[in-house]
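# Tertiary structure, described
Okay, here's what each chain looks like letter by letter:
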Amino acid sequence: MADQYQYNINEEKIVKDSHTKEIDLINRDPKQINEDVVKVEFEDVIAEPDGTHSLDGVWKLSYTTFTVSKYWCYRILSAVFGIPVALLWGFLFACISFCHIWAVVPCIKSCLIESQCISRIYSLCIQTFFDPFFEALGKIFSKVSVVMRKEV
């Protein structure tokens, strides 16, 4: 990622690294990549139809237990595994980027360059050998006429 430059009052260039940008602690999913995936509420998982209701206290306690346990379990798991998993994903995407930059794109460019060379040779062969041949055939068969007659 390109560095961004800022200038202070004395016109000195200050390099601002793009890796140290401010992150939004309020909106942590600005691109809504997890909009439909992990938005699971109590009502999405547990529901009692009419005619089969538990006691009100049990229902309220179940709601509180589900909500609090989901909240704290996620927080504990993210505290314990968040940094190692982020390190793993960072490493994986760095490897993918490395392979793409240093292997995939150069390979594609090389194939495009080679195919242009082969295309020119192929085009030259067609123009040299086949164009005159088919032009001659066209002239030969241009004099042929087909007439259909119906005899009774």
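The name given to the protein in an unreviewed UniProt entry is Caveolin, with Echeneis naucrates as the source organism. Database annotation for the protein, UniProt heading Sequence similarities (unreviewed entry): "Belongs to the caveolin family."

## Describing the packing of aromatic side chains
Counting across every chain of the model gives eight aromatic pairs. For the ring pair Phe 42 and Phe 66, a centre distance of 5.6 Å and an interplane angle of 65 degrees mean the geometry is edge-to-face. With Phe 42 in helix H1 (residues 42-45) and Phe 66 in helix H2 (residues 56-142), this pair connects stretches of sequence that are 24 residues apart. Owing to a relative accessible area of 2%, Phe 42 belongs among the buried residues under this scheme. Taken together, the aromatic side chains of Phe 42, Trp 59, Tyr 63 and Phe 66 make up a single cluster linked through ring pairs. Against the face of Trp 72 rests Arg 75, its NZ or CZ located 5.8 Å from the ring centre.

## Some thoughts on the UniProt feature "transmembrane region" (unreviewed entry) in the protein
In the numbering used here, UniProt assigns the feature "transmembrane region" (unreviewed entry) to residues 76-103. Between the C-alpha atoms that bound residues 76-103 the distance is 40 Å, and the span itself is 100% helix and 0% strand.

What counts and how
- Residues numbered from 1 in each chain as written.
- Predicted model: local features only at pLDDT ≥ 70, side-chain atom pairs only at ≥ 80, totals over all residues.
- Heavy atoms only, no water.
- UniProt positions renumbered as here; feature names shortened; annotations may be inferred.
- Phe/Tyr/Trp six-rings, centres within 6.5 Å; stacked < 30°, edge-to-face > 60°.
- Helix = DSSP H or I, 4+ residues; strand = E, 2+ residues; numbered from the N terminus.
- Buried < 20%, exposed > 50% of the residue type's maximum accessible area, 1.4 Å probe, protein only.
- Lys NZ or Arg CZ within 6 Å of the ring centre and 35° of its normal.

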